[in-house]
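Coordinates in review
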Amino acid sequence: MTSKGPEEEHPSVTLFRQYLRIRTVQPKPDYGAAVAFFEERARQLGLGCQKVEVAPGYVVTVLTWPGTNPALSSILLNSHTDVVPVFKEHWSHDPFEAFKDSEGYIYARGAQDMKCVSIQYLEAVRRLKVEGHRFPRTIHMTFVPDEEVGGHQGMELFVQRPEFHALRAGFALDEGIANPTDAFTVFYSERSPWWVRVTSTGRPGHGSLFIEDTAAEKLHKVVSSILAFREKEWQRLQSNPHLKEGAVTSVNLTKLEGGVAYNVVPATMSASFDFRVAPDVDFKAFEEQLQSWCQAAGEGVTLEFAQKWMHPQVTPTDDSNPWWAAFSRVCKDMNLSLEPEIMPAATDSRFIRAVGVPALGFSPLNRTPVLLHDHDERLHEAVFLRGVDIYTRLLPALASVPALPSES
Ligand SMILES: CSCC[C@H](NC=O)C(=O)O
Ligand SMILES: [Zn+2]
Ligand SMILES: [Zn+2]
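Residues numbered from 1 in each chain as written. Chains lettered and ligands numbered in written order. Predicted model: local features only at pLDDT ≥ 70, side-chain atom pairs only at ≥ 80, totals over all residues. Heavy atoms only, no water.

Structurally, S200 can be placed in strand β9 (residues 192-201). A polar contact is formed between the side chain of S200 and the backbone oxygen of A215, at a distance of 2.7 Å. Not counting residues up to four positions away in its chain, the partners in contact with S200 are A215, K218, L219, A267, T268, M269, G300 and V301. (Helix = DSSP H or I, 4+ residues; strand = E, 2+ residues; numbered from the N terminus. Polar contact = N/O pair within 3.5 Å; in protein donor to acceptor, adjacent residues only side chain to side chain. Contact = heavy atoms within 4.5 Å.)

Following this line, the structure appears as structure tokens:
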């Protein structure tokens, strides 16, 4: 792939690079600059613009292109504006400069996750509008804060607001993940994050003695049980080529806390785990399993949840779902091969699906190494532009899906 010189750069690539330079980086994102950026886009494109402050300082910006039939539900194009932190010393270029190398790769935090998608939506809408199209269904683009830290001050609140219900979303697109092959990954469900802290209490004492019933021994038992479960799920994934990562339950031990001195046996120790529970798991039975591992370790071992998503939803990927039919038809017509999967991580799609709006997680990025949250996150401008072409085909199809039985 080759790139054009700076004088020939496609204006949407220039806009993408401008957006990448806005420092919406956690933990202190400049959300004000992002909101101003999208307000300006609305002005330039002649779109409606609404700002909904879901929590103090947390604004959802909604850009709207009205459809011709207001009786129909709308298409929601969602993207989050925040990005994850960087380890600057590991980057080849400043992650907030949006440097483009001689081959056309744009280096920046957010290049894949997911500032590309925001601008691809906007550019597709711009092109369709300029060409004079109108579609029956309204298209809303939502630009939301806080996704990277769980969406609790973003989409989780927004879906509960009257302004969200007023959008009357019938179907949503949100982020996916790049695919290194020629195919495109599309997510129809997500694993549920369960963040669990196990706290073990036991007898303290002098570090030189064989103290009985220590917090550490009991915590060790729980850790062993959970890591044995991890191994079992890993083997299940490894041994079945049809299973993708999102179809099994994963867990990682992510924190160990406790202790004050080498020679003091602590009375309390804790271990934190990041579970991602597959959508077909019996959640009640799984929670009982966690509890029983704690009980089996001895007295005084308890668990608490820092995150516990309980509403996994699956968006059907067959022709019973008219949105899927429209989406997959366009991909077929464009000769794009799709790999439908369950998202291993958690995105704002879970909040959208949980309020009954079917959603697909799709970032139109193929032939691209998966670099989200990684050093040297980058995207080739040609892949970015191809993604714009894809949305330019998808949006007319989605916004023209005929009235559903529930809409007539
Ligand atoms: C469970 S809230 C955290 C959400 C986060 N999303 C993107 O990386 C994730 O860790 O999946
Ligand atoms: Zn993301
Ligand atoms: Zn992310």
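After presenting the structure, the write-up continues.
Ligation of the zinc ion (ligand 3) by protein atoms is provided by D113 (OD), E148 (OE), E148 (OE) and H373 (NE2), these donors lying 2.0 to 2.4 Å from the ion. Bound by 4 donor atoms, the zinc ion (ligand 3) shows angles of 57 to 143° at the metal and therefore irregular coordination geometry. Since its relative accessible area comes to 43%, H373 is described here as partly exposed. (Donors = N, O, S within 2.8 Å, 3.2 Å for Na, K, Ca; no water. Tetrahedral: all angles 85-135°; square planar, octahedral: opposite > 155°, others 65-115°. Buried < 20%, exposed > 50% of the residue type's maximum accessible area, 1.4 Å probe, protein only.)

What follows is about the site of ligand 1. In the neighbourhood of ligand 1, the contacting residues comprise E147, E148, G150, P193, W195, R276, Q307, A345, A346, R350 and H373. Within the backbone of A346, an N or O atom sits 2.8 Å from a nitrogen atom of ligand 1. In isolation ligand 1 has 330 Å² of accessible area, and contact with the protein removes 88% of it. Looking at which domains feed residues into the shell around ligand 1, each of domain 1 (6-190 + 312-407) and domain 2 (192-308) gives three or more. (Near = heavy atom within 4 Å. Areas by Shrake-Rupley, 256 points an atom, 1.4 Å probe, with all protein chains shown as cover. Domains from an automatic or database assignment.)

Attention now moves to the environment of F96. As for its placement among the helices and strands, F96 is situated in the loop between β3 (74-80) and β4 (99-100). You can call F96 buried: its relative accessible area is 8%. When the C-alpha positions of F96 and L20 are compared, they lie 6.3 Å apart, and in sequence the two are 76 residues distant. Residues contacting F96, with those up to four places away along its chain left out, are L20, R21, R23, V25, V83, V86 and R109.

This part takes up the pairing of strand β8 (residues 184-190). Regular strands place their side chains on alternate faces of the sheet. Burial analysis of β8 places 6 of its 7 residues in the buried class, which makes it a mostly covered element. One ladder, built from 6 bridges, connects β8 with strand β15 (residues 338-343); its direction is parallel. Across the sheet, residue F187 finds its bridge partner in β15, namely E341. With 2 bridges connecting them, β8 and strand β16 (residues 359-362) associate as antiparallel partners. Bridge pairing in β16 places F187 opposite G361. (Pairing = 2+ DSSP bridges.)

Turning next to the coordination of the zinc ion (ligand 2). At this site the zinc ion (ligand 2) is bound by H80 (NE2), D113 (OD), E175 (OE) and E175 (OE), with donor distances of 1.9 to 2.7 Å. Viewed at the metal, the 4 donor atoms of the zinc ion (ligand 2) are separated by angles of 52 to 150°, and the geometry they form is irregular. Binding-site remark: the zinc ion (ligand 2) is held by donors from one chain whose sequence spacing is H-x32-D-x61-E. In this model, the zinc ion (ligand 2) sits 3.3 Å from the zinc ion (ligand 3), the two metals being bridged by D113. A residue pair is termed long-range when its members are at least 10 positions apart, and H80 in strand β3 and E175 in the loop between β7 (169-174) and β8 qualify at 95 residues. By relative accessible area, which is 1% here, H80 ends up buried.

Reading across from one edge, β11-β13-β9-β14 is the order of the 4 strands in this open sheet, with antiparallel pairing throughout. Of all strands in the sheet, those with a lone pairing partner are β11 (250-258) and β14 (301-308), marking the two edges. Averaged over all neighbouring strand pairs, the angle between strand axes comes to 20°, with direction disregarded. Along the sheet face, helix α6 (residues 215-239) touches β9, β11, β13 (268-277) and β14 and points at about 15° away from the line of β13. Relative to the sheet, helix α7 (residues 283-297) contacts β9, β13 and β14, its axis offset from that of β14 by approximately 145°. (Axes fitted to C-alpha atoms, helices over the stretch in contact; angles between N-to-C directions.)

The next point concerns the domain arrangement of the chain. Where the parts come together, the accessible area they lose is often given as the size of the interface. If you check the domain split of the chain, you get domain 1 (6-190 + 312-407) and domain 2 (192-308). Here the C-alpha centre of domain 2 lies 36 Å away from the C-alpha centre of domain 1. Taken together, the contacts link 11 residues of domain 1 with 10 residues of domain 2. At the boundary of domain 1 and domain 2, one finds 1 salt bridge. (Salt bridge = Lys/Arg side-chain N within 4 Å of Asp/Glu carboxyl O.)

Between Q26 and the following residue, P27, the backbone shows a cis peptide bond with an omega angle of 5°. Here P27 is to be found in the loop between α1 (11-20) and α2 (31-45). For the peptide bond that leads from D113 to M114, omega is -15°, which places it in the cis range. With respect to the helices and strands, the residue M114 is situated in the loop between β5 (105-107) and α3 (115-130).

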